[in-house]
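Fold and geometry: a report
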Amino acid sequence: MKDQILSIKENATKEINDAKDLQSLDGVRVKYLGKKGELTSVLRGMGALSPEERPIIGSLVNEVRDTLEELISSKENSFKQAELNKKLEKEKIDVTLPSKKAIRGSEHPLNRTIEEIEDLFISMGYEVIEGPELETDEFCFERLNLPKGHPARDMQDSFYINDEYVLRAQTSAVQARTMLKYGGTRPIKMICVGKTYRREDDATHSHQFNQVEGLVIDKKENKVSLADLKGTLEVFVRKMLGENTQLRFRPSYFPFTEPSYEVDCTCFKCGGKGCNLCKQTGWIEVLGSGIVHPNVLRMNGYDPEVWGGFAFGTGIDRMAMFKYGIPDMRYLYTNDVRFLKQFDRKDID
Ligand code: DAH
């Protein structure tokens, strides 16, 4: 029996070594170690052995089985490794091939407009100040000469969070914040750009939009005047909408300025002749502005006998729409790449 086992070992070892692939290797395993395999049937025949021989033969069979299993598994691994190597060879990457062209996004027309405005005012010596979008009623209205119950509050339909807090309806709130921050001690030359909110939503209004606010305060002896306001706004509007744009100052009312002006510019589409965009008037309203009201100065720590200046504010979304010919404000907020792609570098051409 011992010889039979050793010859099984020898044959099996040879067949394992000769196996050409995983399939034939598995055939060898079944032939010798399977349920009906040669080595297994030797074990079955052990009942016929004497009690002394049984453990000797038993341990020999186990030893041979272990050896064969080990051989099979190492052969199996070498087949698998060879297969992997073949696959790796086939899938080799040529890193010198040119890559796929990366898709480049383009800057949102609103952001581009905002950056252009900030660059312009920084170049004129303004600082850019930020304020909170969730404002208090105090800063958004009261400190701008708009006490509770003032009829001019109706000009802005606002989102109130509670009696005290409101989503700011105008960046003018930052005027009061800046004056308080500087405590009536130094001149101010700032713009604030940011999101504002109102309860409106149609083709030319969105419940959330952007404004730029400007505030210039200096000692009275330095005579910051309406002429300075006019000059500043001319530079601003011409930079944004074209060098040939003319401005018109119309007396108006804002609670935080006195006198107040609404500023119209010649229609950039028809050049002032009259068209559907300007409703045949030749003019388009673009800005609110005026000389800072003494009450606003006083309430925010600047003595109106000593200090004075001008302020202005406008919607940036509208300006971007004019600049790029966008017919509906809501396009600015739908994040449709087909829309965004159309403005890729258009202002640079
Ligand atoms: N805050 C005004 C609005 O949202 C715009 C405005 C008008 C701002 C006159 C000013 C100003 O600073 O002086 O309609």
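Before going into details, it helps to say that this report is about the structure given with it.

What counts, and at which threshold
Residues numbered from 1 in each chain as written. Predicted model: local features only at pLDDT ≥ 70, side-chain atom pairs only at ≥ 80, totals over all residues. Heavy atoms only, no water. 1 Å grid on protein atoms, 1.4 Å probe; cavity = no way out; pocket = protein on both sides within 12 Å on 5 of 7 lines; lining within 4 Å. Points joined across faces, edges and corners; volume = space filled by probe spheres on them. Helix = DSSP H or I, 4+ residues; strand = E, 2+ residues; numbered from the N terminus. Nonpolar A, V, L, I, M, F, W, Y, C, P; charged D, E, K, R; others polar. Patch = residues over 30% accessible without salt bridge, like charges linked within 9 Å, V, L, I, M, F, W, Y side chains within 5 Å. Areas by Shrake-Rupley, 256 points an atom, 1.4 Å probe, with all protein chains shown as cover. Salt bridge = Lys/Arg side-chain N within 4 Å of Asp/Glu carboxyl O. Lys, Arg positive; Asp, Glu negative; His and termini not counted. Charge placed at Lys NZ, Arg CZ, Asp CG, Glu CD. Buried < 20%, exposed > 50% of the residue type's maximum accessible area, 1.4 Å probe, protein only. Pairing = 2+ DSSP bridges. Near = heavy atom within 4 Å. Polar contact = N/O pair within 3.5 Å; in protein donor to acceptor, adjacent residues only side chain to side chain.

Points about the layout of surface pockets
- Reported here for the second largest pocket is a volume of approximately 220 Å³.
- Taken together, 14 residues form the lining of the second largest pocket, with Asn111, Ile114, Gly194, Lys195 and Asn210 sitting closest to its centre.
- Elements represented by at least two residues in the lining of the second largest pocket include exactly α5 (109-123), β5 (188-197) and β6 (208-219).
- At four residues, α5 tops the list of elements feeding residues into the lining of the second largest pocket.
- For the lining of the second largest pocket, the class distribution of residues is six nonpolar, five polar and three charged.

Some details on a negative patch on the surface
- Among the surface-exposed residues, Asp154, Asp157, Glu200, Asp201 and Asp202 lie close enough to one another that they form a single negatively charged patch.
- By the element assignment, Asp157 lies in the loop between α6 (137-140) and β3 (159-160).

Remarks on the pairing of strand β9 (residues 283-292)
- Of all 10 residues in β9, seven are buried, a share of seventy percent or more.
- Alignment of strand β8 (residues 257-266) against β9, held across eight bridges, turns out to be antiparallel. Its bridge partner being in β9, Val263 is matched across the sheet by Leu287.

Considerations on helix α7 (residues 173-182)
- Of all 10 residues in α7, seven are buried; the element is thus mostly enclosed.
- Within α7, the full set of buried residues consists of Ala173, Val174, Gln175, Ala176, Thr178, Met179 and Tyr182.
- Once α7 ends, the next one or two residues include Gly183, with phi positive near 55°.

A closer look at the site of the ligand
- Around the ligand, the surrounding shell holds 16 residues, and the nearest of these are Gln170, Ser172, Arg198, Gln211 and Glu213.
- In the model, a nitrogen atom of the ligand is placed 2.7 Å from a nitrogen or oxygen of the Gln170 side chain.
- The contact in question runs from an oxygen atom of the ligand to an N or O atom on the backbone of Phe312, over 3.3 Å.
- Calculation on the ligand without its partners gives an accessible area of 350 Å², and the protein chains cover 91% of this total.
- For the shell around the ligand, the secondary-structure elements that each account for two or more residues are β6, β9 and β10 (307-315).
- Residues that form the shell around the ligand fall into these classes: four nonpolar, 10 polar and two charged.

Examining the environment of Phe339
- Residue position: Phe339 is located in helix α11 (residues 337-341).
- A sequence separation of 73 residues divides Phe339 from Thr266, and the C-alpha atoms of the two residues are 27 Å apart.

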